[in-house]
Amino acid sequence: MILDRINEPNDIKKIKEKELVPLASEIREFIIESVSKTGGHLASNLGTVELTMALHRCMNFPNDKLIFDVGHQCYTHKILTGRKEGFENLRMLGGMSGFPKREESECDTFDTGHSSTSISAAMGLMKARELRGSHERIAAVIGDGSMTGGMFYEAINQIGQMKGSVVIIMNDNEMSISKNVGSMAKALTRLRVGEGYNDLKKGVERKLLNIPDIGETVARKIKRQKDNLKNFLVPGHFVEELGITYLGPVDGHNIREMEDIFERAFRLQRPILVHVKTKKGKGYAPAEKYPTHFHGVGPFDIKTGKEKCAKKTETYTDSFSKALLKVGSENEKIVAITAAMSRGTGVHEFKKRYPDRSVDVGIAEEHAVTFAAGLAASGYIPVVAIYSSFLQRAYDQILHDVCLQNLHVIFAIDRSGIVPGDGSTHQGIYDTAYLSDMPNLTIIAPASGKELAEALEFAVKCDGPVAIKYAKGTAYSMEDGNKAPFEMGLAERVFEAGKTDSVSGETGEAGIESQNVSSVKVDILAVGNMFEQAVLLREKLMKEKGISAGLVNVRFIKPLDLNMVREAALASDYLICMEEAVKSGSVGDAISSYLYEEGIDVKLIHFYVNKDIVQHGTVAELRADMGISVDAMYETVVSKITNS
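Residues numbered from 1 in each chain as written. Predicted model: local features only at pLDDT ≥ 70, side-chain atom pairs only at ≥ 80, totals over all residues. Heavy atoms only, no water.

1. What to know about the overall build of the chain
Per the secondary structure count, the chain includes 25 helices and 17 strands. Taken over 644 residues, the chain has a buried fraction of 56%. Contacts in the chain between residues far apart in sequence, at least 24 positions, make up 76% of those at least 6 positions apart. Counting only carbon and sulfur atoms, one obtains 50% of the accessible surface of the chain, whose full area is about 27900 Å². (Helix = DSSP H or I, 4+ residues; strand = E, 2+ residues; numbered from the N terminus. Buried < 20%, exposed > 50% of the residue type's maximum accessible area, 1.4 Å probe, protein only. Contact = heavy atoms within 4.5 Å. Areas by Shrake-Rupley, 256 points an atom, 1.4 Å probe, with all protein chains shown as cover.)

Next comes the structure, spelled out in structure tokens:
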């Protein structure tokens, strides 16, 4: 296999030109085979094989700098920089990331996981190159979807003013930004990156400007006529007005054509945008037919394209989707808003039924929130459905445009808590911290799919802003609990400490005698998706050690039910708070501060995300690694009780 000869960075330059097309096929087969076992981002990577190969033929790694916007299309880059073996453990705990990681390889220039950041980062690299007087090549690959993000426009507004070469590759794999006018456009593209043309252009301009009286006028008229012709023949006039030379469209699966254009573009000492047309999912029929489904996929059968997963269970996203349809049918003021994640957030079914009341703003979270604020100020009830890790991009808009005005905007925060597979850039562990100090904002963490539906119904009836945060994955079906109706700021007492119940069915007397902890009482305060873990921990403590354990469903992170906290603390020896959130700004932190201020003497055991950066792995693996799995929490609780 040709791929066997790719073991180090820049090995692709040793491959003969006639072998490049077969190599592209081998890379696709390798990616399909690997992702079918581990899961990952498939369609986007299959579409950028030739594009990445062409860039690697023009660049020298790790000296040259390549940034992938979002970063989920970097698999070919990793293969070409000698990381084939890492695909055996792709996205697994301790294994290779599915995104660029500087700590993983010198060839990964910049960690990316969110969209629209690449050009800003490339500009920073350009400035650094200028300051130190070096000559490395810099390129950024950005998708057409990422160009809806505000940072893209902020960056290109400035980049035309900067000196030096940078090549921006716009990977157009879905939205046709402009029409390809055929051979004339291709010929003009080749002409505009040619050294002869650019030298002639500069020479003619200099000579005209030296002619007394009429030179400047003639030069200006010629330029105006040239621009009129260019506007007719050349797409991308918008970026041209900002001082960026536009080239393309170019066939994104023609390595030779791209290599030629990229090589010429790198030689020009100015910003160049190359418009490359690719097909998402190319080379694998199911991914070509269903690119959205194969954007991010679990392990699957290559022949059928079907995922190898257990029987379908209802997820929290499914629960939200059904609840949104219900409240939408009951209230015509509800408008659903999402940021290029209609299917991922569960808004797509609402969009089908109520297209006039559903808005996808593209990858523009900041705009989504302020757009929602405008709707709310006009008497509507917007439901903004965005992943936790992406909503943090709109921090200022949540505070300034929604909360300070006390507007009735509902934030449906999907993927809150630990998120498997995608790693540090996609973890939803910061939302409690960045939302808890927002004025006027109510924050709800439902413990089950049913409670999520109840939370949305409650939020619709509120007056001010409400955030509902819930996890990725199967929704917990709570047999117990959900008995108390939703009331503002009230937690739910599910089990009293020490009582026999349907969870354990035992009192665990043998355990009491063996551990001498019969008089110990604990109360577990569970936040959101940790409720299921709390039920299992309580059962284990009672069954195996006979520890008298109560259970509270916190429900409201803000306002926190301090009366319930007080009652639990005064009746217990230990309070156990568990949540999938960072410590600072967490519920456990709020409880600790309250107990201190009130002078309540009770021992608090706080389980939280105890790592500054959470990498990729399954939820079970990551919980175990951080000591917040049921078994790990059980060992911690028993140890603290027996050693106190």
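2. What about the pattern of salt bridges?
Here the idea is simple: oppositely charged side chains can pair when their charged atoms come close. Inspection of the entire model under this criterion finds 33 salt bridges. Of the charged contacts in the structure, one is a salt bridge between Arg132 and Glu136, with a shortest N-O distance of 2.5 Å. On the accessibility criterion, Glu136 (5% relative accessible area) is buried. A salt bridge links Asp631 to Lys540, with the shortest nitrogen-to-oxygen separation between them at 3.8 Å. Of this pair, Asp631 sits in helix 25 (residues 630-642) while Lys540 sits in helix 21 (residues 531-545), and the two are 91 residues apart along the sequence. One network of salt bridges, in which partners are shared, links Lys78, Arg83, Glu104 and Asp108. (Salt bridge = Lys/Arg side-chain N within 4 Å of Asp/Glu carboxyl O.)

3. Examining the sheet that holds strand 2 (residues 138-143)
An order of 1-2-3-5-4 is seen for the five strands of this open sheet, with the pairing classed as parallel. Each edge of the open sheet carries a strand with a single partner, namely strand 1 (65-68) and strand 4 (245-251). Each strand axis lies, on average, 20° off the axis of its neighbour in the sheet, ignoring direction. By the bridge criterion, five bridges tie strand 2 to strand 3 (residues 166-172) in an arrangement that is parallel. Each bridged residue has a counterpart across the sheet, and for Ala140 the counterpart in strand 3 is Ile168. (Pairing = 2+ DSSP bridges. Axes fitted to C-alpha atoms, helices over the stretch in contact; angles between N-to-C directions.)

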